[in-house]
Amino acid sequence: MSTPKQSLFEQLASVARALGSAARLELLDYLAQGERPVDELARLSGLSVANTSKHLQQLKAAGLAQARRDGQHVRYGLADDQVLAAVAALRGLAECRHRAVGELLDSYLRARDALEPLPAADLLERVRDGLVTVIDVRPAEEYAQGHVPGALNVPLDALEQRLGELPPERAIVAYCRGPWCVLSFEAVARLRQAGFNAQRLENGLPEWRQAGWPVERSTPPATHRAPAAPATPAGSR
């Protein structure tokens with residue numbers, strides 16, 4: 001018969017098992033941006049809807065995700081920000097102790113931009129002083145569910161077409177989903193190539209929110225544009 005301590009460790013192991021899947025960790029990364037229906041998560045992750053649903057149910061059973069019905073769809077989200085902390089701790093441990101992780105980061109991310117990113121506190125100060133333009137390069141739906149106050153939504157796939165909306169005399173700070181997200185690295189590289197003074201924000205929107213910095217929400221996603229661009233009429237989507 002198990003002792004209470006052994007039972008506690010078994011429950012801890014069940015949470016660890018839920019985290020012990022690359023597919024589930026990727027799904028948590030998407031859930032950290034906001035709620036998503038199963039079919040959208042399947043599209044983003046490249047998994048089948050059936051596999052995505054199975055992984056989400058495992059995350060929910062472990063207390064890492066929650067679900068709610070929205071009409072005909074079930075939308076999943078993180079249970080709370082403690083899940084972000086758990087994943088961040090796992091990520092930090094891997095970066096410090098797993099050589100392969102460091103090598104992948106060097107080849108996949110740091111090769112694109114070896115410069116130090118801008119800390120969140122510094123960004124707030126520069127925004128208050130009117131020194132920077134902040135751009136959120138995530139998709140519009142993620143931007144709608146939360147973004148840095150005053151940030152313009154310029155998804156990476158639309159960046160070249162939107163360069164004319166960015167003031168050339170001001171520095172640009174780009175951010176995306178988190179420290180392992182390539183979107184902001186790519187955005188900064190393209191902005192610098194176009195002649196802008198560009199820098200990445202340290203971490204991403206989930207870490208910004210977890211740290212207690214202010215977050216804005218906006219709806220509907222079709223209106224998430226820089227002020228100079230006309231909004232898309234709702235009936236045209």
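None of the values given here were measured: they were computed from a predicted structure.

Criteria and cut-off values
Residues numbered from 1 in each chain as written. Predicted model: local features only at pLDDT ≥ 70, side-chain atom pairs only at ≥ 80, totals over all residues. Heavy atoms only, no water. Pairing = 2+ DSSP bridges. Helix = DSSP H or I, 4+ residues; strand = E, 2+ residues; numbered from the N terminus. Contact = heavy atoms within 4.5 Å. Axes fitted to C-alpha atoms, helices over the stretch in contact; angles between N-to-C directions. Buried < 20%, exposed > 50% of the residue type's maximum accessible area, 1.4 Å probe, protein only. Arc of directions from axis to C-beta. Polar contact = N/O pair within 3.5 Å; in protein donor to acceptor, adjacent residues only side chain to side chain.

Account for the sheet that holds strand E7 (residues 198-200), with residues named and values stated.
With parallel pairing, the four strands of this open sheet are ordered in space as E5-E4-E6-E7. In this open sheet, the two strands that pair with only one neighbour each are strand E5 (152-153) and E7. Of the strand pairs in this sheet, strand E4 (residues 132-136) and E5 are connected by two bridges, and their pairing is parallel. Across the sheet, the residue bridging to Asp-136 is Asn-153, located in E5. Across the sheet, helix H7 (residues 120-128) touches E4, strand E6 (171-175) and E7, and the angle it forms with E4 is around 125°.

Tell me what's going on with the pairing of strand E3 (residues 73-78), and back it up with residues and numbers.
For strand E1 (residues 36-37) and E3, the ladder comprises two bridges, and the chain directions are antiparallel. By the bridge assignment, Pro-37 is partnered in E3 with Arg-75. Inspection of the sheet shows strand E2 (residues 65-70) paired to E3 by six bridges, in the antiparallel sense. Bridge assignment links Gln-66 to a residue of E3, and that residue is Gly-77. Once E2 ends, the chain turns through two residues before running back antiparallel as E3, passing Gly-71 with a positive phi of about 65°.

Break down helix H2 (residues 22-31) for me, citing the residues and quoting the values.
Looking only at H2, the buried set comprises Ala-23, Arg-24, Leu-27, Leu-28, Tyr-30 and Leu-31. Burial along H2 is one-sided: seen end-on, the buried residues are contained in an arc of 160°. Considering only its buried residues, H2 is in contact with helix H1 (4-19), helix H3 (38-45), helix H4 (49-61), E2, E3 and helix H5 (82-97). Where H2 starts, the residue carrying a side-chain oxygen 3.3 Å from the main-chain nitrogen of Ala-23 turns out to be Ser-21.

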